[in-house]
Amino acid sequence: MGSEEFQPVQGMSDIASPDIAVWQLLEQQARGVFARYGFSEVRTPLVERKSVFEHSLGDTTDVVQKEMYQFEDAGGRALVLRPEGTAGMMRHLAGMGQDAANARVYYIGPMFRRERPQAGRKRQFHQCGAEAIGETNAHADAEMIALQAHLLKEWGLQQSVIKINTRGAAADRAAVQRGMQEKLSAHRERLCDDCRRRLEVNVLRVLDCKNPGCREIVRTLPPMTAFMSDEARTYLEEVLRVIRRLELSVDVDPNLVRGLDYYQHTVWEISHPGLGAQDAVGAGGRYEISMGNRTLRGVGFAMGLERILMALASEKKTPEPAPLHGIWLVSLDHALLDIHLQLAQMLRMRGLDCGLDLNGRSVKAQMRAAGKSGARWVILHGAAEDEKGVFQLKDMLDGTQREVTMVELLEQLQR
RNA sequence: GUGGGUGUAGCUCAGUUGGUUAGAGCGUCAGGUUGUGGUCCUGAAUGUCGCGGGUUCGAAUCCCGUCACUCACCCCA
């Protein structure tokens, strides 16, 4: 077992072969989909001023209150490692003036939250997300959900479930909160300890409590939408109508709540049955975020890449082994290593994958390495070949081998 | 922040009621006569039994602490 000093810090991990190949593929596929919808990438810094998150996410959320990695730099500035992607994007867009009016942007990268790690929850985790700025508009919301569903499909996920709800307009919020508080207070004694706390701090969270007793009470309550304006309900209906036109399957869940404060109107969450307790692979919603003297209205979502990977694994969608590919150069005479390395370089400069062993190992060992590397072709070269100016070219697919000149060699390999 | 489970070779794990040089499979490396892979055979290397302390003639096995991993609560992607 490795000692502690070789381990990454708690809740963070090295991503290396073979997983890294899956990560690279997911990212590449995501970039392709985003491009089709006209979104362009923005890479904001991992470090932001603390205030960027305090104002936008909501000062009472756990993410802001206790989960951020924060520190002071030498100049006494209060900085944090970003816990999510949207706020940084809004800071970026707010600085762009009118150019941000119809921005469509996406990001892929690490986020940091000091939570207790568990299945599907790391302290450094990775999200990809998108934001579309614009006035409140049901078509924009539906398109965002469609984009997210498209991503899942591109990645090969089939079992995910989309749940949707509304948080109402900004003006509705107080009424909803007061209404739910009143209704729930009547059952205060029967609520679990957590929910009694939620009653004060964040009433809506009672709605998605997992405790059976609380769920029983919640079932008897009127839906959140009952406390909202007609406008909010109509807006949700409109979003649903457009979504149906796009042939997307979504379930309306009147108890769906999102954690961050900036959400308004449409909110949604995508969960996957193959995950553990942390089963949301992505979530999004419409929001209104103020940055300084500017207010940005938009709709966006984020997806947890670790969770996407877990979901893929649970659907057993791990990619099949690649077909034989590339070249391995076997040195039959170590005295000729100069020539062999030179040849390998020449092939690589021509765009070919070429491996060789530089440790002077036996031919048998080199052949084993060639087999393990998955190379399609093996070039063997020793003193005899050097004298005749030829190479042995072996096809690892069928095991056949023939003697070729340099010209023939290149012709075959570059085909 | 709270609670449960687990920590033995690179990986997956055995290790009997505490007993002397701690094991297996996989992987790695080497060999199976002259310069050839994937199968097969043979052999080899590798462990402060997570760390610290305690009990004992004796601890990988029992006790305490600690760290890490893991699952759940909480929170959230």
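Structural data are supplied above this passage.
Residues numbered from 1 in each chain as written. Chains lettered and ligands numbered in written order. Predicted model: local features only at pLDDT ≥ 70, side-chain atom pairs only at ≥ 80, totals over all residues. Heavy atoms only, no water.

1. Things to note about helix α7 (residues 193–201)
Right, on to step 1. For α7, the full list of buried residues reads Cys195, Arg198 and Leu199. In an axial view of α7, the angular spread of the buried residues amounts to 110 degrees, which keeps them on one side of the axis. Within α7, the exposed residues directed more than 90 degrees away from the buried face are Asp193 and Glu200.
Right, on to step 2. On its buried side, α7 packs onto α6 (173–185) and α8 (212–220). (Buried < 20%, exposed > 50% of the residue type's maximum accessible area, 1.4 Å probe, protein only. Helix = DSSP H or I, 4+ residues; strand = E, 2+ residues; numbered from the N terminus. Arc of directions from axis to C-beta. Contact = heavy atoms within 4.5 Å.)

2. Examining the pattern of salt bridges
Right, on to step 1. The final tally for this structure, using the stated rule, is 23 salt bridges.
Right, on to step 2. Here Arg91 makes a salt bridge to Glu48, at a shortest N to O gap of 2.6 Å. With Arg91 in helix α4 (residues 86–94) and Glu48 in strand β2 (residues 47–49), this residue pair connects regions lying 43 residues apart in the sequence.
Right, on to step 3. Accessibility expressed as a relative area gives 25% for Arg91, which makes it partly exposed.
Right, on to step 4. For Glu48, a relative accessible area of 5% gives the class buried.
Right, on to step 5. Between Glu403 and Lys388 there is a salt bridge; the shortest N-O distance is 2.7 Å. On the criterion of sequence distance, the pair formed by Glu403 in strand β16 (residues 401–404) and Lys388 in helix α13 (residues 383–388) is long-range, its members being 15 residues apart. (Salt bridge = Lys/Arg side-chain N within 4 Å of Asp/Glu carboxyl O.)

3. Regarding helix α2 (residues 50–57)
Right, on to step 1. What α2 keeps buried is the set Lys50, Val52, Phe53, Ser56 and Leu57. Down the axis, α2 shows its buried residues gathered within 160 degrees of arc, on one side only.
Right, on to step 2. Tucked inside the fold, the buried residues of α2 contact β2, α3 (62–65), β3 (70–72), β4 (78–81), α4 and β10 (280–291).

4. Description of the protein's contact with RNA strand B
Right, on to step 1. Not every one of the 51 residues close to RNA strand B is listed here, only the nearest: Arg113, Arg116, Arg198, Arg258 and Leu332.
Right, on to step 2. The separation between a phosphate oxygen of RNA strand B and a polar side-chain atom of Lys372 is 3.0 Å.
Right, on to step 3. Secondary-structure elements contributing two or more residues to the surface near RNA strand B are β6 (124–133), α7, β10, β11 (294–304), α12 (363–373) and α13.
Right, on to step 4. Broken down by class, the residue content of the surface near RNA strand B amounts to 16 nonpolar, 14 polar and 21 charged. (Near = heavy atom within 4 Å. Polar contact = N/O pair within 3.5 Å; in protein donor to acceptor, adjacent residues only side chain to side chain. Nonpolar A, V, L, I, M, F, W, Y, C, P; charged D, E, K, R; others polar.)

5. Notes on the sheet that holds β2
Right, on to step 1. One open sheet holds the three strands; their spatial order is β2-β4-β3, and the pairing between them is antiparallel. In this open sheet, the two edge strands, each paired with only one partner strand, are β2 and β3. Averaged over all adjacent pairs, the angle separating strand axes in this sheet is 35 degrees, with direction ignored.
Right, on to step 2. Against the sheet, α2 contacts β2, β3 and β4, and its axis sits at roughly 70 degrees relative to β2. (Pairing = 2+ DSSP bridges. Axes fitted to C-alpha atoms, helices over the stretch in contact; angles between N-to-C directions.)

6. Details of the nonpolar core
General note: in soluble globular proteins, nonpolar side chains tend to be found buried as a group.
Right, on to step 1. Membership of the largest hydrophobic core comes to 44 residues, with the highest contact counts inside it found for Phe34, Met144, Trp155, Ile164, Phe301 and Ile308.
Right, on to step 2. For this core, the leading source of residues is helix α5 (residues 138–155), giving ten residues.
Right, on to step 3. The contact partners of Met144, leaving out residues within four places of it in the chain, are Phe39, Ala130, Glu131, Ala132, Trp268, Val299, Gly300 and Phe301.
Right, on to step 4. Of all hydrophobic cores here, the second largest spans 30 residues; its members include Val52, Phe53, Val63 and Leu256. (Core = buried A, V, L, I, M, F, W, Y, C linked by side-chain atoms within 4.5 Å.)

7. Some words on the side chain of Gln29
Right, on to step 1. Inspection of the secondary structure puts Gln29 in helix α1 (residues 19–36).
Right, on to step 2. Judged by relative accessible area, which is 18%, Gln29 ranks as buried.
Right, on to step 3. With residues up to four places along the chain from it excluded, the contact list for Gln29 reads Glu154 and Trp155.

8. Section: unusual backbone geometry
Right, on to step 1. Following Ser17, the chain continues into Pro18 via a peptide bond in cis, with omega recorded as 5 degrees.
Right, on to step 2. Note on placement: Pro18 falls in the segment before α1.
Right, on to step 3. Despite not being glycine, His265 shows a phi value in the positive range, around 55 degrees.
Right, on to step 4. With respect to the helices, strands and loops of the structure, His265 is situated in strand β9 (residues 263–271).
Right, on to step 5. Overall, His265 belongs to the buried group, its relative accessible area being 4%.

9. Description of the pairing of strand β12 (residues 327–331)
Right, on to step 1. A large share of β12 lies buried, amounting to five of its five residues.
Right, on to step 2. Relative to strand β13 (residues 354–356), β12 runs parallel, the two sharing three bridges. Within β13, the residue paired with Leu329 across the bridge is Leu356.
Right, on to step 3. Here β12 runs beside strand β14 (residues 377–381); their pairing, made up of five bridges, is parallel. Bridging from a neighbouring strand, Trp328 pairs with Val378 of β14.

10. Structural notes on the packing of aromatic side chains
Right, on to step 1. This structure, assessed with the given rule, holds five aromatic pairs.
Right, on to step 2. Both rings, one in Phe34 and one in Phe39, keep their centres 6.4 Å apart while their planes meet at 45 degrees; by these two values the pair is tilted. For the pair Phe34 and Phe39, a shared accessibility class is recorded, and that class is buried.
Right, on to step 3. Counting every residue linked through ring pairs, the aromatic cluster contains Phe34, Phe39, Tyr106 and Phe301.
Right, on to step 4. The ring of Trp377 carries Arg376 above its face, with NZ or CZ at 4.6 Å from the centroid. (Phe/Tyr/Trp six-rings, centres within 6.5 Å; stacked < 30°, edge-to-face > 60°. Lys NZ or Arg CZ within 6 Å of the ring centre and 35° of its normal.)

11. Observations regarding the sheet that holds β14
Right, on to step 1. If you trace the five strands from one edge of the open sheet to the other, you get β13-β12-β14-β15-β16, paired in mixed fashion. Taken across any chain shown, the strands that pair with only one partner, and hence form the sheet edges, are β13 and β16. Ignoring which end each strand starts from, the neighbouring axes of this sheet average 25 degrees apart.
Right, on to step 2. The pairing of strand β15 (residues 391–395) with β16 spans four bridges and is classified as antiparallel. Paired with Leu393 across the two strands is Arg402, which belongs to β16.
Right, on to step 3. Strands in contact with helix α11 (residues 337–349) are β12, β13, β14 and β15; relative to β13, the strand with the most contacts, it is inclined by about 160 degrees.

Such coordinate-based values are descriptive only and should not be taken to indicate function.
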